[in-house]
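# Structure assessment
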Amino acid sequence: MLTDHHSAECEYVLRSARDFDVKFIRLWFTDILGNLKGFAITVDDLEDALELGVGFDGAAIDGFTTDEESDLRAFPDPTTFSLLPWRPRQNAVARIFCDIRTPRGEAFIGDPRQVLKRNLERLASLGYIYYVGPELEYFYLRDPESPEPLDTFGYYDQLSSGPTADLRRDTVLNLAEMGIPVKYSHHEGARSQHEIDLQYTDALTMADNVMTARIVIKELAQQQGVYASFMPKPFRMENGSGMHTHQSLFRGNVNAFYDNDDDLHLSETGKRFIAGLLRHSPEITLVTNQWVNSYKRLVPGYEAPIHVSWTMSNRLDLIRVPSYKTGYDTSLRVEYRAPDPACNPYLAFSALLAAGLKGIEEEYPLPSPVTSDVSRMAPEERDARGISRLPTNLGEAIALAEGSALLRETLGEFVHDTLIRNKKKEWEDYSSAVTDYEISRYLPLL
């Protein structure tokens, strides 16, 4: 008999596994960079796994080894049980996200899901719930070896005879079967670039949903002999892929960002949250944009944010407050446009929340919104308005993140130091690589 406090949920999982002829259960978790990891157990071992967890060697997972121990246990979260709809219906396969603990039952300090849970628990003690709604952009390509697009369509094109439209449709249907509603889906601006916007929900559920959506998109593409990529910028002269993240804080059913008496309909809480995001955005960019390639997207001319500014209208600024619709106060939200879909969503949501919350707690003043194109301003005007710039490359982002007290507190010292160490190695490897650009430009000249 199950003894933990999730006994009702565990009984539901066991009953569902029997009812749906589940034979295998994939236990999912993420490494420090947000790569999906896991292993499968059979249904015969499910009850023990729910109660006692499943042991594994943490040394095999990037960022999961401490000096003290590498033996870890994966404890399934029964609320995340779901069938994998692209797998067979007989001897079906399900997935459950796991929390990682030490053999003593303590939360493992290197588990990204635990990092987010810890930040959300602190937020809950202040009476808030954190909701997020990300827009996942990605590319369908011929194969992972070269970025050859599958279509040449553009924004919102409706030609549906090609394979990419069918793939996107099947992805939306599969996600719906897993209990993950999609708000919008459409073709994006670049060739073979697509977008799926996940329906707003609480941050922990959404981080699990982002991980699930990424694997569903990739799995269904692979079944059709093509490749889906979340690489931020695979094409030099076209838009990269972002993960614009809509955010709001609620107290119960009340949107804490909304104020009917304010000209912008923004409460002081909402304004301070934006101010926190603005002030701390450079130092958290390593988490929201963690790869060398991420900074090839954050350049002028490709609809990605460059400068630290906010607006009520322009879609090029770092932060946008979408237009308010009368009578829909629950929909008022803050859109943060820097993240890309190759981030670790557990850490990215943690960092965004911490930055905004710092603005609330410290009562940061909010500068006036910009009403013109920041990129067209003279540098002197940007300086006069206090508009800084996001890091221009991974090296700059590492330096800012390494010195960030906010990020160290948010991620925990172990995750912070492990991430910095990993990213320094990536930057060193990239900095010493000789690229095709250098060969073609300099070899004939020098």
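Each chain has its residues counted from 1, following the order in which its sequence is written. pLDDT decides what is reported in this predicted model: residues at 70 or higher carry local features, side-chain atom pairs at 80 or more are listed and counted, and totals for whole chains, interfaces and linings draw on all residues regardless. Each side-chain value is worked out from all heavy atoms of the structure, with water and hydrogens disregarded.

### A word on the overall build of the protein chain
Rule in force here: Strands here are runs of E lasting at least two residues and helices are runs of H or I lasting at least four, both read from the DSSP assignment and numbered beginning at the N terminus. Note on method: radius of gyration uses C-alpha positions; expected globular size equals 2.2 Å times residues raised to 0.38. Three labels apply to residues, based on accessible area from a 1.4 Å probe with only protein chains included: buried if under 20% of the type maximum, exposed if over 50%, partly exposed otherwise in between.
Scanning the protein chain from terminus to terminus reveals 13 helices and 17 strands. What you see for the protein chain is a C-alpha radius of gyration of 22 Å, in line with the 22 Å of a compact globule of 446 residues. Taken along the three principal axes of its C-alpha coordinates, the protein chain extends 70 × 60 × 50 Å. Counting every position in the protein chain, which comprises 446 residues, the buried fraction comes to 54%.

### Remarks on a negative patch on the surface
Inclusion rule: Here the term patch refers to residues with relative accessible area over 30% and no salt bridge, with like charges joined within 9 Å and nonpolar side chains (Val, Leu, Ile, Met, Phe, Trp, Tyr) within 5 Å. Computed with a 1.4 Å probe, the accessible areas rest on the Shrake-Rupley method; for each residue, only the protein chains presented here act as cover. Think of a salt bridge as a Lys or Arg side-chain nitrogen and an Asp or Glu carboxyl oxygen that are within 4 Å of each other. For the purpose of charge, His is not counted, nor are the chain termini; Lys and Arg are scored as positive and Asp and Glu as negative. A charged residue contributes its charge at one atom only: NZ of Lys, CZ of Arg, CG of Asp or CD of Glu.
A surface patch of like charges, here negative, comprises Asp44, Asp45, Glu47 and Asp48. Mapping aspartate 45 onto the fold places it in the loop between strand S2 (36–42) and helix H2 (46–52). You can call aspartate 45 partly exposed: its relative accessible area is 42%.

### Looking at the packing of aromatic side chains
Applicable threshold: Any two of the Phe, Tyr and Trp rings considered here, Trp counted by its six-membered ring, make a pair once their centres fall within 6.5 Å; the pair's planes then place it as stacked at under 30 degrees, edge-to-face at over 60, or tilted in between.
The full count for this structure, using the stated rule, is 11 aromatic pairs. Centre to centre, the rings of tyrosine 131 and phenylalanine 250 are 5.2 Å apart; their planes meet at 80 degrees, and the pair counts as edge-to-face. A residue pair is termed long-range when its members are at least 10 positions apart, and tyrosine 131 in strand S7 (residues 129–143) and phenylalanine 250 in strand S13 (residues 245–251) qualify at 119 residues. The interplanar angle of 45 degrees and the centroid separation of 5.7 Å between the aromatic rings of tyrosine 138 and phenylalanine 230 together place this pair among those described as tilted. Remark: phenylalanine 230 occurs in the loop between strand S12 (227–229) and S13 and tyrosine 138 occurs in strand S7; sequence separation between them is 92 residues.

### Observations regarding helix H3 (residues 112–125)
So the rule is basically this: For a helix, the expected span equals 1.5 Å multiplied by the residue count minus one. In protein, a polar contact means a hydrogen-donor-capable atom and an acceptor-capable atom, both N or O and within 3.5 Å, with residues adjacent in sequence counting only if both atoms are side-chain atoms; elsewhere, any N or O pair within 3.5 Å suffices.
Its 14 residues place the ends of H3 20 Å apart at the C-alpha level, agreeing with the 20 Å of an ideal helix rising 1.5 Å per residue. Residues Pro112, Arg113, Gln114, Val115, Leu116, Asn119, Leu120 and Leu123 constitute the buried set of H3. One side-chain oxygen at the N-terminal end of H3 lies 3.2 Å from the backbone nitrogen of arginine 113; it belongs to aspartate 111. Downstream of H3 by one or two residues, glycine 127 has phi in the positive range, about 90 degrees.

### Let's talk about the pattern of salt bridges
The tally for this structure, following the rule as stated, stands at 20 salt bridges. A salt bridge links glutamate 402 to lysine 424, with the nearest nitrogen and oxygen atoms 3.0 Å apart. In this pair, glutamate 402 is assigned in helix H10 (residues 394–402) and lysine 424 in helix H12 (residues 413–432), connecting sequence segments 22 residues apart. Residue class for glutamate 402 comes out partly exposed when judged on its relative accessible area of 37%. One network of salt bridges, in which partners are shared, links Asp77, Asp99, Arg113, Lys117 and Asp208.

### Digging into the layout of surface pockets
Let me state the cut-off plainly: Put plainly, a pocket is an open set of points on a 1 Å grid over the protein atoms alone with protein on both sides within 12 Å along at least five of seven lines, a cavity is a set where a 1.4 Å probe fits but cannot get out, and a lining residue has an atom within 4 Å of a point. Grid points are joined across faces, edges and corners, and a volume is the space filled by probe spheres set on the points. Gly counts as polar in this scheme, as do all residues outside two lists: the nonpolar Ala, Val, Leu, Ile, Met, Phe, Trp, Tyr, Cys and Pro, and the charged Asp, Glu, Lys and Arg.
Space inside the largest pocket adds up to approximately 940 Å³. As for the largest pocket, its lining consists of 36 residues, of which Glu135, Tyr184, His246, Arg320 and Arg333 are closest to the centre. Looking at the lining of the largest pocket, the elements that each hand over two or more residues are S7, strand S9 (182–187) and strand S10 (193–198). When its volume is computed, the second largest pocket comes out at roughly 630 Å³. As for the second largest pocket, its lining consists of 16 residues, and the residues nearest its centre are Arg236, Lys296, Tyr430, Thr435 and Tyr437. Of all the secondary-structure elements, those providing two or more residues to the lining of the second largest pocket are H12 and helix H13 (436–442). Of all the elements, H13 adds the most residues to the lining of the second largest pocket, at three residues. When grouped by side-chain class, the residues that make up the lining of the second largest pocket number eight nonpolar, three polar and five charged.

### A closer look at the side chain of arginine 95
To keep it simple, the criterion reads: Whether two residues are in contact is decided by their heavy atoms: any pair within 4.5 Å suffices.
Considering the arrangement of structural elements, one finds arginine 95 in strand S6 (residues 92–101). The buried charged residue arginine 95 lacks any salt bridge partner; its closest oppositely charged side chain belongs to aspartate 208, at an N-O distance of 6.7 Å. One polar contact links arginine 95 to threonine 212, side chain to side chain, over a distance of 3.0 Å. Setting aside chain neighbours within four positions, we find arginine 95 in contact with Arg26, Trp28, Thr80, Phe81, Ser82, Leu84, Met178, Ile180 and Thr212.

### Examining the packing of H3 against helix H5 (residues 203–223)
Counted only if it meets this: To get an axis, a line is fitted to the C-alpha atoms, and for a helix only the part in contact is used. The angle between two axes follows their N-to-C directions and goes from 0 to 180 degrees. Just so you know how the angles are binned, under 35 degrees is roughly parallel, over 145 roughly antiparallel, 65 to 115 roughly perpendicular, and the rest oblique. When the near helix sits turned anticlockwise from the far one by under a right angle, the crossing is termed left-handed; a clockwise turn instead gives a right-handed crossing.
Running from N to C, H3 and H5 cross one another at 160 degrees; their axes reach a closest spacing of 10 Å. Here H3 is positioned roughly antiparallel relative to H5, judged by the angle of their axes. For the pair H3 and H5, the crossing hand works out as right-handed. Facing H3, whose interface residues are Arg113, Leu116, Lys117 and Leu120, H5 presents Ala203, Leu204, Ala207 and Asp208. For the contact of H3 with H5, a count of residues per class yields five nonpolar, no polar and three charged.

### Describing empty space enclosed by the protein
In this structure the tally under the stated criterion is one cavity of 30 Å³ or more. The space that makes up the largest cavity amounts to roughly 30 Å³. The wall of the largest cavity is formed by Ile32, Leu286, Val287, Gln290, Asn344, Leu347 and Leu419. In the lining of the largest cavity, the residues fall into five nonpolar, two polar and no charged.

### Looking at the nonpolar core
How we decide: Here, nonpolar core refers to any group of buried Ala, Val, Leu, Ile, Met, Phe, Trp, Tyr and Cys residues whose side-chain atoms link them within 4.5 Å.
Counting residues in each nonpolar core, the largest one holds 114 residues, and the members touching the most others are Leu46, Ile100, Tyr130, Leu198, Leu249, Ile319 and Phe349. Setting aside its immediate chain neighbours within four residues, isoleucine 100 contacts Phe29, Phe56, Phe64, Leu72, Arg73, Ala74, Glu106, Ala107, Phe108, Asp111 and Gln114.

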